[in-house]
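Fold and geometry: a report
Here are the chains, one letter per residue:
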Amino acid sequence: MEPLYRPEGVEARWQETWEAEGLYAADPDSSRESYVDAHPPPNVTGELHMGHALQLALGDAAVRLKRMQGYNTLFQPGYDHAGISTQAAVEKHLERVEGTTRQALGREAFEARVWEWLREYGGKIMFQFRRMGASLDYRRERFTMDDAYVRAVFTFFKHLYDKGWIYRANRIINWCPYHQTSLSDLELVHEDVDDTLSTIRYPFADGDGGVSIATVRPATILGDVAVAVHPDDERYRDAVGREVVVPFVERRVPVVADERVEPEFGTGALKITPGHDPTDFAIGRDHGLPEPSVIGDDGRMSAAAGELAGLSQDEAGQRILDWCRERGLLEQQEPYRHSIALCERCESRIEPLISLQWWCAMGELKQPALAALRERRVVFHPESQHEFAIRSLEEAPDWCISRQLWWGHRLPLWECAEGHTTVTDGEEPDACAECGASAKRSSDVLDTWFSSALWPFATLGWPERTPDLEAFYPGDLQTTAREIIRLWENRMIFSGLELLGEIPFTDVIIHSTVLAPDGRRMSKSLGTGIDPLDVIADHGADATRYGLLKMSSTQDVRFNVGVIEEGRKLANKLWNASRLVLANAGDATPDLRPATVEERWILSRLESARAAVEASLDAYEFSAAVLTLYRVTFDDFCDWYLEAIKPRLYDGDAGARATALGALERLLKLLHPVMPHVTEEIWTNLPARETRLIVAEWPGADARFADDARALERVQDAAAIFRRSQVLVSLDDEERRIFDAVVKPGRVKADGNAQIEIERLRKEVERSQRMLANERFVANAAPDVVEAEREKLERYERELRALEG
């Protein structure tokens with residue numbers, strides 16, 4: 001082994017070797033039980049970010065453990081086609097490099113250009129996944145625009161259409177004026193802006209007085225069809241049922257009562273503009289109100305705006321405010337800060353517009369998925385996210401599945417001049433199925449999430465009953481972020497149940513969001529982003545994986561490079577410890593032949609660590625697993641066990657050498673799921689290797705040394721006392737041998753004052769006892785804090801007994 005551990009060379013070599021030797025491969029013909037993580041497909045144009053890195057660290061640790069436990073593991077790689085982001089990226093390229101637009105090219109030529117662009121620029125993220133050491137079966141890479149996957153998408157569409165669950169309707173949607181398409185909620189970002197809140201009086205049509213409303217969008221007044229108030233708001237009890245006159249257009253509209261109005265906002269009265277606000281749309285539908293649209297697809301005032309047609313919204317709004325001011329209807333204006341939705345790609349302000357779109361009815365489709373969640377056949381971790389998954393699915397409205405883009409899965413739907421619709425599983429029909437007339441295909445494409453909903457089984461060959469589908473569906477695990485529970489996780493569940501009758505996976509890990517060190521979200525535009533590839537270049541993939549796993553929790557976390565550095569130090573410590581064992585191994589081979597107390601103790605500690613790591617990883621408590629591995633490696637194996645056996649290693653003791661190799665072998669197995677590269681490199685240098693560590697057998701339970709779990713407790717207490725106070729305590733011969741080897745008391749003058757240390761410990765015992773006797777502390781403090789205090793009390797009492805004789 002090299003004197004220094006250099007992760008860059010080691011990691012690159014093993015990433016190539018594992019893949020070249022087929023050690024990531026899943027075998028559909030295997031008789032072993034399968035374990036499947038259908039890894040979320042990243043954007044084909046995307047690059048690795050910190051969320052991906054954490055997601056990979058979590059999923060890969062789980063998969064590597066199961067692979068070593070003998071499962072036939074499938075860690076599925078691939079991409080989604082990312083309709084809007086890919087189209088936007090290619091359009092920018094065309095404008096910047098070629099000085100042209102997609103409209104100038106035409107649809108067919110633009111689609112061809114997208115494929116060319118993807119061949120040159122797309123898919124880079126999968127190479128970045130390799131840098132993380134992710135053991136995905138890269139031979140199985142799938143793309144949602146592959147021919148076989150496209151067939152699955154169209155089969156799903158036709159299935160839903162034939163059941164009557166796909167329909168066309170005018171509903172309010174998120175509209176991007178720049179990209180000229182509807183968008184899902186996930187394709188939006190929200191930004192706080194400073195605006196002006198204008199209070200305007202709508203006079204009663206039948207006499208004096210009126211109702212005042214507050215708005216930040218005066219241009220939408222042209223589309224007002226009612227004013228709504230809360231039914232319990234006493235201020236407007238006499239106004240309900242009367243009519244008011246909308247300023248500028250001077251339209252008479254009713255005052256209606258509706259519980260969705262917030263009495264605390266503004267004046268407590270809400271102008272109802274169904275064409276340009278989701279809440280207003282819902283209220284309008286329930287009250288049977290008209291739905292005029294006065295803002296066009298381009299975000300400017302439409303022909304329905306009359307004399308204001310063609311103006312920007314700001315220009316139209318100012319004209320309306322001036323009109324109101326002249327007539328004494330503008331009562332008040334004040335600064336107002338609020339959040340607006342922007343297109344994630346172009347940052348254009350999103351327009352809520354009523355648009356004729358294709359929808360998927362959710363009423364029946366979601367019921368089996370709700371049952372699976374309520375019965376906990378699928379479980380989200382942590383529990384709060386499971387509750388959210390149920391609530392979000394219960395509340396899920398019908399799904400807008402159409403997009404006005406050119407890149408994506410074009411709806412397999414043809415319409416004739418008579419308005420008849422023909423749907424196929426992708427094959428172009430010769431004519432309208434209803435009347436025989438010629439038919440034209442819809443220009444819309446499907447929402448990207450429609451195809452992603454099929455990921456756990458379309459990647460395995462569905463709708464065919466392939467060997468892969470038989471072997472690997474249903475799967476086991478998903479790791480993802482909380483913002484796509486509604487958009488992806490729940491949709492995979494109901495799609496799998498609808499099409500195959502089985503849940504697609506049993507467990508979903510919702511990982512924390514890694515924030516910038518200052519607590520802001522990571523963002524390139526804000527300058528707060530941290531590139532995980534830079535972290536890997538500085539510290540190595542193993543250290544990065546270790547640090548991210550240690551940072552992971554049920555709460556959002558701030559990125560902490562110190563934890564990454566801790567991982568690098570642990571890798572170095574392991575490397576140097578392994579060099580010590582191998583340099584003094586002679587011709588020994590790994591064999592557990594413990595002859596001394598420290599040998600039995602380390603084997604007991606390794607067994608306890610095995611059980612704890614298994615339990616933590618099975619419960620998806622990755623931070624706890626990493627903490628266990630750190631302690632057993634750094635503290636137990638390196639600082640105590642190796643220091644204690646050094647004299648015997650140097651003396652050529654055959655049993656000590658064989659046992660040290662056996663203990664190291666076991667430790668490497670425990671560490672491998674978290675730190676795969678350094679452990680594989682060390683493993684290869686051990687004698688008598690028959691297999692790579694990545695597929696080596698995970699250690700089984702071994703209770704032979706359970707009685708030795710606390711065998712070094714007195715020695716370790718004596719070491720803590722000596723290092724703190726230079727006071728030596730009484731030990732037996734074996735304990736003294738270990739103490740001298742590890743602590744090396746001869747290097748420090750032992751002139752401490754035992755009585756002072758005894759008094760200090762008595763005070764600590766009294767303080768701790770008072771805390772634990774405090775019922776409020778025990779009841780209200782976090783369980784781990786209470787347990788830590790109990791452990792401290794136990795240690796103080798042990799040390800006190802040791803000093804007192």
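As a reminder, the structure under discussion sits directly above these lines.
This is a predicted model, so every value here is computed, not measured. (Residues numbered from 1 in each chain as written. Predicted model: local features only at pLDDT ≥ 70, side-chain atom pairs only at ≥ 80, totals over all residues. Heavy atoms only, no water.)

Describing the overall build of the chain
A tally of regular secondary structure across the chain gives 27 helices and 25 strands. Along the first, second and third principal axes, the C-alpha set of the chain runs to 105 × 65 × 50 Å. Sorting the 805 residues of the chain into buried and exposed places 55% on the buried side. Sequence separation of at least 24 residues holds for 76% of the intrachain contacts in the chain that already meet a minimum separation of 6. When the accessible area of the chain is evaluated, it comes to approximately 34900 Å², of which 46% is carbon and sulfur surface. (Helix = DSSP H or I, 4+ residues; strand = E, 2+ residues; numbered from the N terminus. Buried < 20%, exposed > 50% of the residue type's maximum accessible area, 1.4 Å probe, protein only. Contact = heavy atoms within 4.5 Å. Areas by Shrake-Rupley, 256 points an atom, 1.4 Å probe, with all protein chains shown as cover.)

Comments concerning the sheet that holds strand E9 (residues 226–229)
Sheet strands associate in pairs through backbone hydrogen bonding, adopting either a parallel or an antiparallel arrangement. If you walk across this open sheet you meet the 4 strands as E10-E11-E9-E12, and the pairing is mixed. Only two strands of the sheet have a single partner each, and these edge strands are strand E10 (243–246) and strand E12 (269–272). For this sheet, the mean angle separating the axes of adjacent strands, direction not counted, is 35 degrees. As paired strands, E9 and strand E11 (residues 251–257) are joined by 3 bridges and run parallel to one another. Counterpart to Val-229 in the pairing with E11 is Ala-257. Packing of helix H8 (residues 278–287) onto the sheet brings it into contact with E11 and E12, and relative to E12 it is tilted by some 80 degrees. (Pairing = 2+ DSSP bridges. Axes fitted to C-alpha atoms, helices over the stretch in contact; angles between N-to-C directions.)

Focus: helix H5 (residues 107–121)
The terminal C-alpha atoms of H5, which comprises 15 residues, lie 21 Å apart, in line with the 21 Å expected from a rise of 1.5 Å per residue. Structurally, H5 contributes buried residues whose contacts are with helix H3 (83–98), helix H4 (102–105), strand E4 (142–143) and strand E21 (445–446). Of the residues one or two after H5, Gly-123 is the one with positive phi, at around 80 degrees. (Expected span 1.5 Å × (residues − 1).)

Quick notes on the environment of Thr-448
Mapped onto the secondary structure, Thr-448 falls in helix H12 (residues 448–452). Considered as a pair, Thr-448 and Cys-400 are 48 residues apart in the sequence and their alpha carbons are 11 Å apart. From its side chain, Thr-448 meets the backbone nitrogen of Gly-83 in a polar contact 3.0 Å long. (Polar contact = N/O pair within 3.5 Å; in protein donor to acceptor, adjacent residues only side chain to side chain.)

Here we look at the sheet that holds strand E13 (residues 330–343)
Taken in spatial order, the 3 strands make up an open sheet running E8-E7-E13, and their pairing is antiparallel. Two strands bound the open sheet, and with one partner strand each, they are strand E8 (210–215) and E13. Strand-to-strand twist of the sheet, defined as the mean angle between neighbouring strand axes without regard to direction, takes the value 25 degrees. Pairing of strand E7 (residues 188–203) with E8 involves 6 bridges; the strand directions are antiparallel. Paired with Tyr-202 across the two strands is Val-211, which belongs to E8. Where helix H9 (residues 313–326) meets the sheet, its contacts fall on E7 and E13, and the angle it forms with E13 comes to roughly 165 degrees.

Let's talk about the pattern of salt bridges
When their charged atoms lie close together, side chains carrying opposite charge are able to pair. With the rule as written, the count across this model stands at 75 salt bridges. Notably, a salt bridge pairs Arg-140 with Asp-468, separated by 2.9 Å at the nearest N-O pair. In this pair, Arg-140 sits in the loop between helix H6 (124–131) and E4 while Asp-468 sits in helix H14 (residues 467–472), placing the two residues 328 residues apart along the sequence. Across the salt bridge formed by Asp-708 and Arg-600, the nearest N and O atoms sit 3.4 Å from each other. In this pair, Asp-708 sits in the loop between helix H22 (676–685) and helix H23 (713–725) while Arg-600 sits in helix H19 (residues 597–618), placing the two residues 108 residues apart along the sequence. According to the relative accessible area criterion, Arg-600 is partly exposed, its value standing at 28%. Members of the salt-bridge network, linked through shared partners, are Arg-724, Glu-757, Arg-760, Glu-764, Arg-767, Glu-789, Lys-792, Arg-795 and Glu-799. (Salt bridge = Lys/Arg side-chain N within 4 Å of Asp/Glu carboxyl O.)

A look at the packing of helix H25 (residues 754–773) against helix H27 (residues 783–804)
Interhelical geometry of H25 versus H27 gives an angle of 150 degrees and a closest axis separation of 9 Å. Between H25 and H27, the crossing angle belongs to the class labelled roughly antiparallel. For the crossing formed where H25 meets H27, the hand is left-handed. Contacts from Glu-757, Ile-758, Leu-761, Arg-762, Glu-764, Val-765, Arg-767, Ser-768, Gln-769, Met-771 and Leu-772 in H25 reach Val-786, Glu-789, Arg-790, Lys-792, Leu-793, Tyr-796, Glu-797, Glu-799, Leu-800, Leu-803 and Glu-804 in H27. Here the residues of the contact of H25 with H27 are counted per class, giving 10 nonpolar, 2 polar and 10 charged. (Parallel < 35°, antiparallel > 145°, perpendicular 65-115°, else oblique. Left-handed = near helix turned anticlockwise from the far one by under 90°. Nonpolar A, V, L, I, M, F, W, Y, C, P; charged D, E, K, R; others polar.)

Section: the side chain of Arg-666
Along the polypeptide, Arg-666 turns up in helix H21 (residues 654–671). One polar contact links the side chain of Arg-666 to the main-chain carbonyl oxygen of Gly-700, over a distance of 3.0 Å.

Topic: the side chain of Thr-86
Mapped onto the fold, Thr-86 is located in helix H3. Exposure remark for Thr-86: the relative accessible area of 0% places this residue in the buried category. Apart from the residues within four sequence positions on either side, Thr-86 is in contact with Asn-43, Val-44, Thr-45, His-81, Val-114, Leu-118 and Trp-407.

Points about the nonpolar core
One finds Phe-637 and Tyr-641 to be the most contacted residues of the largest nonpolar core, which totals 129 residues. Leaving out residues up to four positions away in the same chain, Phe-637 has contacts with Ile-602, Val-632, Leu-642, Ala-663, Leu-664 and Leu-667. Counting residues in each nonpolar core, the second largest holds 60 residues, with Ala-152, Ala-369, Ile-493 and Leu-500 among its members. (Core = buried A, V, L, I, M, F, W, Y, C linked by side-chain atoms within 4.5 Å.)

Side note on the packing of helix H17 (residues 541–551) against H22
Interhelical geometry of H17 versus H22 gives an angle of 130 degrees and a closest axis separation of 7 Å. Looking at the two axes, H17 sits oblique to H22. Taking contact as the criterion, the partners of Ala-541, Asp-542 and Arg-545 in H17 are, on H22, Pro-676, His-677 and Val-678. Of the residues in the contact of H17 with H22, the class split is 3 nonpolar, 1 polar and 2 charged.

Some words on the packing of aromatic side chains
Following the criterion strictly, the structure yields 23 aromatic pairs and no others. Aromatic side chains Phe-248 and Trp-323 sit 6.0 Å apart centroid to centroid with 65 degrees between the ring planes, which places their arrangement in the edge-to-face category. Taken as a pair, Phe-248 in the loop between E10 and E11 and Trp-323 in helix H9 lie far apart in primary sequence, 75 residues in all. Since its relative accessible area comes to 16%, Phe-248 is described here as buried. (Phe/Tyr/Trp six-rings, centres within 6.5 Å; stacked < 30°, edge-to-face > 60°.)

Digging into the environment of Pro-41
As for its position among the elements, Pro-41 is in the loop between strand E1 (34–37) and helix H2 (50–68). A relative accessible area of 10% places Pro-41 in the buried class. Each C-alpha atom of the pair Pro-41 and Val-563 lies 28 Å from the other, and the pair is 522 residues apart in sequence. Setting aside residues up to four positions removed in sequence, Pro-41 forms contacts with Gly-78, Tyr-79, Asp-80, Trp-455 and Trp-488.

A closer look at helix H16 (residues 532–539)
The set of residues buried in H16 consists of Pro-532, Leu-533, Val-535, Ile-536 and His-539. One side of H16 carries all its buried residues, which in axial view fall inside an arc of 155 degrees. Along H16, exposed side chains directed more than 90 degrees from the buried face belong to Ala-537 and Asp-538. Against the buried residues of H16 lie helix H1 (7–20), H2, H6, H17 and helix H18 (561–583). Near the N-terminus of H16, the side chain that reaches the backbone nitrogen of Leu-533, with its oxygen 2.9 Å away, is that of Asp-531. Remark: Gly-540 follows H16 within two positions and exhibits a positive phi of approximately 100 degrees. (Arc of directions from axis to C-beta.)

By themselves, these figures tell us nothing about what the structure is for.
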